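The lines below spell out each chain.
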Amino acid sequence: MTPPATRARAVQALDERPLLMLWIGVVLFSLGPVLVAGSTTSGAVLSFWRLWIGALLLGALTLWQHRVRGTRASRRGWGWTAAAGLAFGAHQLFFMISIKATSVVDVTLMQVLQPILVGVLAFVVFGERPGLAFRLWSVVAGVGAALVVVAGTTGPEGNPVGMALALANVVCFAFYFVWSKQAMAHIGALPFLLGVAVVAGLAVSLFAAVVGERVSSIDLTDLLIAASIAVVPGALGHFLTTHSLSRVPANLPPVMQLAMPFLSGGLAWLLLGEGFAVMHVVGGLVTVVGVVGALLSPADRQRSVSESPGPVTPD
């Protein structure tokens, strides 16, 4: 059994490496599209159960943290949490419904647009100005991600409505991401994620009631899939990513997440039998090169350190 002191040092070492936490989050997020595609229930029903299971888990963790160390939250923090929760609820609906309508690679193609959307929002909200090298390497990563998805996508023969929903999913997530960064100055990561899950769950519940989705129709297998999404990319992935936001520029995590089409596409090929081609591998390698180049660009590496306000700690 690992001694408490050793566990504490390991947690501290991870906490001091926000980029490592973000990379782990990317890997965990990559499992989400594959889990959704592997389910048999509708996107709205799966989203409903994923959010409320996540809310229960995050509620237990937040209560434990409050009893042990207390929690940090202000009225402004809860306001940003509510806004982010609505954006996240819409993102979840669009994300899961679009995967059901198209495919994993179709939906992950839209992730290429996320750095552009977040970059615009970050400029407006935070005044962040990414360096030229960062922007050029981001273009390389975007081209690679596009090649990955085009290689295995259903392409123009896919569902146009599903592709429109996939685009809406990315737009909503961009707003969620930027509002998350704003919230981190006023609220701790766990209460924030709990609030987001509850608000998003209420929004999805309302949607399901309006369109007549029977959330009780889910079977045990899909319920386990919903729980897996809630725990792995949901609770763990979002905690690692959100906890790191205060110490990195807002435009950095979306560029790192351009590796997701390669990871998700590979898993979809391995587990679901979705198409795989040599161009898929080539595009994935180009994506990784672009992401690494952006991360190592001198101006943005210096900016990520100089703007770092330190770790978020409950008070």
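The rules behind each value
- Residues numbered from 1 in each chain as written.
- Predicted model: local features only at pLDDT ≥ 70, side-chain atom pairs only at ≥ 80, totals over all residues.
- Heavy atoms only, no water.
- 1 Å grid on protein atoms, 1.4 Å probe; cavity = no way out; pocket = protein on both sides within 12 Å on 5 of 7 lines; lining within 4 Å.
- Points joined across faces, edges and corners; volume = space filled by probe spheres on them.
- Helix = DSSP H or I, 4+ residues; strand = E, 2+ residues; numbered from the N terminus.
- Nonpolar A, V, L, I, M, F, W, Y, C, P; charged D, E, K, R; others polar.
- Patch = residues over 30% accessible without salt bridge, like charges linked within 9 Å, V, L, I, M, F, W, Y side chains within 5 Å.
- Areas by Shrake-Rupley, 256 points an atom, 1.4 Å probe, with all protein chains shown as cover.
- Salt bridge = Lys/Arg side-chain N within 4 Å of Asp/Glu carboxyl O.
- Phe/Tyr/Trp six-rings, centres within 6.5 Å; stacked < 30°, edge-to-face > 60°.
- Buried < 20%, exposed > 50% of the residue type's maximum accessible area, 1.4 Å probe, protein only.

Draft legend 1. View of empty space enclosed by the protein. Under the defined criterion, the tally for this structure stands at three cavities of 30 Å³ or more. In this structure, the largest cavity encloses a volume near 260 Å³. Lining of the largest cavity is provided by 20 residues; of these, Phe29, His91, Gln92, Phe95 and His238 occupy positions nearest its centre. Secondary-structure elements contributing two or more residues to the lining of the largest cavity are helix 2 (18-37), helix 4 (75-101), helix 8 (160-183) and helix 10 (220-244). Residue classes in the lining of the largest cavity are distributed as 10 nonpolar, nine polar and one charged. Considered as a void within the structure, the second largest cavity measures approximately 100 Å³ in volume. Along the walls of the second largest cavity sit 13 residues, with Arg50, Leu58, Leu193, Ala197 and Gly234 positioned nearest its centre.

Draft legend 2. Focus on a nonpolar patch on the surface. Taken together, the side chains of Val139, Val143, Leu147, Val278, Met279 and Val282 define a hydrophobic patch exposed on the protein surface, amounting to about 500 Å² of accessible area. If you list the elements that add at least two residues to the nonpolar patch, you get helix 7 (132-152) and helix 13 (278-295). Relative to the helices and strands, valine 282 resides in helix 13.

Draft legend 3. Fine view of the packing of aromatic side chains. Applying the stated criterion to the full structure yields five aromatic pairs. When the centroid spacing of 5.4 Å and the interplanar angle of 85 degrees are considered together, the rings of phenylalanine 48 and tryptophan 49 count as edge-to-face. A residue is classified by how much of its surface remains accessible, and tryptophan 49, at 25% relative accessible area, is partly exposed. Relative to tryptophan 179, the ring of phenylalanine 175 has its centre 5.3 Å away and its plane inclined at 50 degrees; by these criteria the two rings are tilted. With phenylalanine 175 and tryptophan 179 both in helix 8 and four residues apart, this pair spans about one turn of that helix. Take phenylalanine 175: its relative accessible area is 33%, and that puts it in the partly exposed class. Taking relative accessible area as the criterion, tryptophan 179 reaches 24% and is therefore assigned partly exposed. A connected cluster of aromatic rings, assembled from ring pairs, spans Phe88, Phe173, Tyr176 and Phe192.

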